[in-house]
Structure formats: C-alpha cells, structure tokens
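Each chain, letter by letter, is given below.
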Amino acid sequence: MKESLNRIVRYGVVRAFFYCLFLYSLTVSNAFAEDALNTLEVNAASFGVKPGSHDSTAKVAELLTYIKEHNITKVTFARGEYHFYPGLATEDYAFISNNDQGLKRIAFYLDDFNNLTIDGQGSSFIMHGGINPFILQGASNISIKNLSIDFNRPFHNEGVILAVGEGFMDLHIPEAFPYIINDAGILEFQGVREYPPGYPINEKLERRKDALHAQDYVFKRLLEYDVNTRATAYMASDIQTGAWLKAEALSGKNNIRIFHPKLKGTVGNIMTFSSKYRKYPAIVISDSSDVLLDNVTIFHAGGMGVLGQRCRNVTIQNSQVTPSKDRIISATADATHFNNCNGDIKLVNNLFENQQDDATNIHGIYAMFQQLKSPNTALIKIQHPQQWGFNFIDVGDTMELVQGSSLITYGTNTVAKVKKLNTEIYEVTFDDPIDPKIVVGDSIAEVRDYASVLIKGNTIRRNRARGMLLNSRGKTVVEDNYFHVPGAAILFEGDARNWYEQGGVRNVTIRNNIFDNSHFSIWGKAIIAVAAGIDKEFQDVSRYNKNILIQNNTFNVYDKGLLLDLFSVSNVTFKNNKVNKTDFFPTRTLKTPEFFRTRFSDGVVIKDNEFLGFD
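Counting restarts for each chain, with residues numbered from 1 along the sequence as it is written. Two thresholds apply to this predicted model, a pLDDT of at least 70 for residue-level local features and 80 or more for giving and counting side-chain atom pairs, whereas whole-chain, interface and lining totals are computed over all residues. To obtain the side-chain values, all non-hydrogen atoms of the structure were included, while hydrogens and water were left out.

Along the backbone of the protein there are 3 helices and 50 strands. It is over C-alpha atoms that the radius of gyration is taken, and the globule rule equals 2.2 Å times the number of residues to the power 0.38. At 27 Å, the protein has a C-alpha radius of gyration in line with the 25 Å of a compact globule built from 615 residues. Along the first, second and third principal axes, the C-alpha atoms of the protein reach 105 × 70 × 55 Å. Carbon and sulfur atoms provide 51% of the accessible area of the protein, an area that totals close to 25,900 Å². Measuring between centres, the 64 positive side-chain charges of the protein sit 1 Å from its 67 negative side-chain charges. In this description a helix means any DSSP run of H or I spanning at least four residues, a strand means any run of E spanning at least two, and both kinds are numbered starting from the N terminus. What sets the accessible areas is the Shrake-Rupley method with a 1.4 Å probe; for residues, cover comes only from the shown protein chains. Under the counting rule used here, the positive set is Lys and Arg, the negative set is Asp and Glu, and His together with the chain ends is not counted. Where a charge lies is defined by one atom per residue type, namely NZ (Lys), CZ (Arg), CG (Asp) and CD (Glu).

Below is the structure:
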C-alpha cells in the first residue's frame, strides 16, 4: 500500500513538472517549434522583433546571429510593419555589379547562411535612409517570402507639370519629395531626418549629416510619365540635365520653375528626376545558390530590385516590383539583373512595373586585355566602373579570348593564378601561353555552365527602357508573358566596347506571349531586336547570336513599325504569330514602314504569320 502511494506521488510530481514546463513554453518563450520535417523554427517576436514604429534593426541583427549559431532553419515574423534604420545596422563593404560599390549598412545580412526560410507572413519592411534591405553573401538554400520592402523617402523625385514654355517648365513638387533652391539658384532635393523614436539628436551634427545624405537624392536626368496610363509618355525620352538645374520659386506652396533648353512635356503629366546613384538595391544575391523569392513585393529600391551575381539557381515567383504611395517609380534601375550566374534562373508569375530600367538583364562580363607581361601572364582590366571589384575570375576557370572588334571567340585558356592588383586590374597567369593574336582591346570572359532561363507568366509594363535583355548562352524559354514597354520588349545584345556585357545566345524560344503596343519610345529598334557591338569590317563574318524561335505570339501594334530587327544572327524563325492593328497610340511618321529588317544575318525564316487590320 505504501509503495503504491509512493508511485502515485512520484507520478503526480512528474506530471506536474511537465505540465508546468508546457505552460512555461506557451507563456514565456514559444520561440522554437519543430515540425514533422525537423525544421527548427523561431518566432522573431520571441527575440523582441515586433511590429511597431520602433527600430527593429539591432534586434534583427541579434536574431540572425542566433539563427546562424544554432542552425535555425525558419524564422517567422508576426504580420505587421517593421522599421529599419542605418544607425545600428550591420556594416560591410560590398561590390555590387551594375550598382554602386561602397560601405553598406544592411538590415538583413545573410553572410554564409545556409538552409534558412524567412517568412514575413505578409509583413511590411520599411527602410529609413541609407540602408540596404537584404544582402546574401555566400549563402545557400535561402527562401524569402511573404513580405514587402519599401523606403520611407524614395531616392528618385517627382513633380506635376503645371506649365511649359520656351526653355522652362513649371512644376508642383509633392511633400514626399523635399527640396530647396540653394543660394546659387540651383534645385537640390533633400533627404529627411529619419531616426527612430527617442533617438538623441545633436543639431549641429545633424545639419552636417543632412548635407551628406542629400547626395543620395541627386538626379541626373528627367523623364515624363503619362498621368493617366502611368507609363512613360508617348515618344518621351530622357532629358539629360545633369544635377545642376537652375530653378526659382513660384507662388503657391511647393511650386517651382526650372530652366533648361530641352524641357518639354504635357501639362498634368508627371516629370520624374532619375537618381544619379544606385547605392541601395533591395535584394542582393552574391556568390550564393538555391535562392527562392516567393510573394515578395519591392515597392522601392535605390538601385535594382534584385541583383544576382555569381549565383546558381535563383527563382523569383509570385512577386512584384511596383510603386507605393501614389509614386510613379518603383526601383530606380532594373527590376531584376543577373551577372555571371549559372544553374537555373526562373522568373515566374511576377509583376515588374514602373522601374526606371529593364525588367531583367541576364549576361556575363567581359574584361579587357591590357598588357602582356610574359607568354603566360597578362594584365586584365575591368572597364565599366559599376563592375569594378567584381570577382569575375578564379583559378581553374576556363576563359574565352574574344576579339573586341568582332566579338568572335578565337581561343580558350585555363587560369592558373590570379592576383588582384586593385578593383580594376587583375594579373592573370594561364596554364598555356596566351594566343599571340591578342591585342589591347580584346577581352576575356568566363566559359561556364551558362544559366538556363525560364521567364513565364510575368507582366512587364510601364517602365522606362526595355522589357528584357536576354544574353545567357544556356537554354532560354520566354512564354505566356505580357509586355507593354516603351522600348524593345526583348533585346539580345552584347559588346566589348561599352557595357562589356557577355552575351551571344544559343538556344531561345519565345512563345505564347502578348506584346501589347510596345516600342512607343526610343529604346530599341523593334519590339524584338537582336544586336551586337561589332565593327563594320567584321559585320559580314561575325554571327554573335544564334538559334532563336519566335512562334505563336500575339503582337498588338499601332503602326507598321518593326516587329523584328536582326543584326549579326544565325538561324531565326518567326512563325505562326498574329499581328493586330490597334489605335492605342498615334501612328508614327516612319521613313520605311516595315515589320522585318535583316542585316548581316543568315538562316532567317519568316512564315505562316497572320496580319489583321492592315491595308
């Protein structure tokens, strides 16, 4: 009897202990959960990261440190609005291709992270001032989903056109874009003092910071947008003003007059001031693999929306680059951009609109031969300033030798040793002697596992410039997309003279897309254009792009401008497409109305297409 009673007491004590432990886990921590797949999950709120007007930056940095140290595989954020400021942010120097290098303050720095899902559960991440939202460096198997990214003060500027005259334009500048007219009569856009509640302020020092931060809002050109369509105005082009624009105040709050000989526009439309810098792309994916962005909205970025460099396997799906708060601009550069990537690049069911450049640009990098130091060793120079510091070459890489004037590859060689002298110049030693044909101005580029590209079910519209620049030598499929863009909807390009972007497609299928009244401005020569930077003396022999199939697409066009412009390309088939005449835009005055133009190309087949509504 006594032994039975002891067993009952012991059982009661043990049961009470585990019940108390259960209550504690519910009321105190609730930080960890393990699902059937052994995913160790943390709730950001349990680490003090909660929605509200306070600064989440430092606590997110602490949370990320904990996640990395404990191999956490999923973090969730309670749905709400989170604010991030640069004051307590993680800092590192970053070379970001086709954006501006620099010392970056970073809200989410995923440096050497593996196997992590960040689930915002519909949250808004609001950035304040000069901070980069996400940088992934050397990361793998990362998913970012169910969240949006925005900046409280965007890096571009806008004004409503009130009047236009000879050499001047009157604008109303909304409160969201603060400005001054300085003592020299020059228009300067300003930042705002963005600090979390309770931040101590020294007024004298803050005024110095104000002047420093104002550099982030410097503009370099103007571009008009139609207030009704929210797209660039019909036949509008950039007005290259530089940052020194004469201005004077007018009667009425925030009304100004600007002066420049090339100003033109329509009263009521929106004039945008394009950002000079690309310091704050929203998501940077560098030297990383197997990255998924799912249901991510980028409302604004001070540069590109998503930039991938030296990555393998990146998927962006069910996501958006689109403006917020009645702004006309989303990202101030490309919506997405990929440089020297491999594996699979997938853009599926996304909306890319109102960015100030292309929806995507997928390419490699050419670096110029500068000097032969020995039979096996050369100095190689990165030419484009926004590629300086880009690690485009490693020991063991096979590099193609490319004639800069023709883009013809005339040899390959394997890298034995690399010495980075500075951000521009690399000393490269090869296994074998360098081909004696090489001259200053020729280039080298990595021969790699070129990315296979799938672009499916996207909407691309209302942006400046082109739709997509497709320059991967891997298999590329573009299907079921909608395009309404001012320039070429699709452009194949490449050069070793200007942008130094390696292209030369080898296997492209473009099918079942709608090209809706595109090419209504100056960017590109046709709705689909194939181009290359080749000197005249080599145009007869060089065929840079190859094997493009364009079929079963619908082209809605407002005149007989070019559907297809081909230059230096082999084997293009344009068949079973439907071309419909619309009156969406006024008919242009065309020197030679024609749908197709072929120059220095071969193997071109155009057949079985239907043209409706034309004389």
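So, about the confidence of the model for the protein. As a per-residue quantity, pLDDT reports the predictor's confidence and falls between 0 and 100. With 94% of its residues at a pLDDT of at least 70, the protein reaches an overall mean of 94. Whether two residues are in contact is decided by their heavy atoms: any pair within 4.5 Å suffices. Scored below 50 in pLDDT, residues 1–37 makes 20 contacts in the model with residues more than four places away or belonging to other chains.

So, about the sheet that holds strand β14 (residues 219–225). Spatially, the 6 strands line up as an open sheet ordered β14-β17-β10-β11-β16-β15, and their pairing is antiparallel. Of all strands in the sheet, those bounded by a partner on one side alone are β14 and β15 (246–249). Averaged over all pairs of adjacent strands, the angle between their axes in this sheet comes to 35 degrees, without regard to strand direction. Any two strands are treated as partners once DSSP identifies two or more bridges connecting them. Strand direction decides the pairing type here: strand β11 (residues 168–172) and strand β16 (residues 255–259), joined by 5 bridges, are antiparallel. Bridge assignment links Asp170 to a residue of β16, and that residue is Arg257. Every axis in this analysis is a line fitted to C-alpha atoms, fitted for helices over the stretch in contact. Angles between the N-to-C directions lie between 0 and 180 degrees.

Owing to its 3.6 residues per turn, the α-helix aligns residues three or four sequence positions apart on the same side. The span one expects for a helix is its residue count, reduced by one, times 1.5 Å. Spanning 13 residues, helix α2 (residues 57–69) covers 19 Å between terminal C-alpha atoms, matching the ideal 18 Å at 1.5 Å per step. Partly exposed residues are those whose accessible area sits between 20% and 50% of the maximum for their type, while under 20% is buried and over 50% is exposed, using a 1.4 Å probe and protein chains only. Residues of α2 that are buried: Thr57, Val60, Leu63, Leu64 and Ile67. Axial view of α2: buried residues confined to an arc of 120 degrees, hence all on one face. Residues of α2 that are exposed and point more than 90 degrees away from the buried face comprise Glu62 and Glu69. Contacts made by the buried residues of α2 are with β2 (40–43), β3 (74–76), β4 (81–84), β6 (102–111) and β7 (114–127). Note on α2: the residue one or two positions beyond its end, Asn71, has a positive phi of about 55 degrees. By construction, the arc corresponds to the directions joining the helix axis to the C-beta atoms.

Next up on the list: the pairing of strand β36 (residues 476–479). The alternating pattern of β36 places Thr476 and Val478 on one face and Val477 and Glu479 on the opposite face, and all of these are buried. Across 4 bridges, the pairing between strand β33 (residues 452–456) and β36 is parallel. Residue pairing across strands places Lys456 opposite Glu479, the latter belonging to β36. Bridge count for β36 against strand β40 (residues 508–511) is 4 bridges, and the pairing is parallel. Looking across to β40, one finds that Val478 is bridged to Ile510.

The subject of this paragraph is unusual backbone geometry. The phi angle at Asn318 is positive, at roughly 55 degrees, despite the residue not being glycine. With respect to the helices, strands and loops of the structure, Asn318 is situated in the loop between β21 (312–317) and β22 (320–321). Overall, the relative accessible area of 36% leaves Asn318 in the partly exposed class.

Between Lys or Arg on one side and Asp or Glu on the other, a salt bridge is scored when a side-chain nitrogen of the former is within 4 Å of a carboxyl oxygen of the latter. Tallied over the full model, the rule gives 29 salt bridges. With a closest N to O distance of 2.6 Å, Arg464 and Asp238 form a salt bridge. Of this pair, Arg464 sits in the loop between β34 (459–461) and β35 (468–470) while Asp238 sits in the loop between β14 and β15, and the two are 226 residues apart along the sequence. For the pair shown, Arg464 and Asp238 are each scored as buried. Notably, a salt bridge pairs Arg543 with Asp602, separated by 3.2 Å at the nearest N-O pair.

This paragraph deals with the environment of Asn295. One can find Asn295 in strand β19 (residues 289–298). Taking C-alpha positions, Asn295 is 8.8 Å from Gly122, a pair spaced 173 residues apart along the chain. In the analysis that follows, any N or O atom pair within 3.5 Å is treated as a polar contact, provided that within protein one partner can donate a hydrogen and the other can accept it, and provided that, for residues neighboring in sequence, both atoms belong to side chains. Polar contacts involving the side chain of Asn295 include one to the side chain of Asn146, which spans 2.9 Å.

Moving on, we come to the side chain of Ser542. Here Ser542 lies in the loop between β42 (528–530) and β43 (545–551). A distance of 2.7 Å separates the side chain of Ser542 from the backbone oxygen of Ser406, its partner in a polar contact. Setting aside chain neighbours within four positions, we find Ser542 in contact with Ser406, Ile408, Ile534, Ser568 and Phe600.

All right, on to the packing of aromatic side chains then. Only the six-membered ring of Trp is used, alongside the rings of Phe and Tyr, when aromatic pairs are assigned; centres must lie within 6.5 Å, and planes under 30 degrees apart are stacked while those over 60 apart are edge-to-face, with the rest tilted. Under the defined criterion, the tally for this structure stands at 32 aromatic pairs. With a centroid separation of 5.1 Å and an interplanar angle of 50 degrees, the aromatic rings of Phe47 and Tyr66 are classed as tilted. Of the two residues, Phe47 is situated in the loop between β2 and α2 and Tyr66 in helix α2; the sequence distance between them amounts to 19 residues. For Tyr66, a relative accessible area of 23% translates into the label partly exposed. A ring has a charge above it when a Lys NZ or an Arg CZ is no more than 6 Å from the ring centre and no more than 35 degrees off the ring normal. The residue whose ring lies beneath Arg257 is Phe168, and the NZ or CZ to ring-centre distance is 4.0 Å. Positioned above the aromatic ring of Phe390, the side-chain terminus of Arg310 is 4.6 Å from the ring centre.

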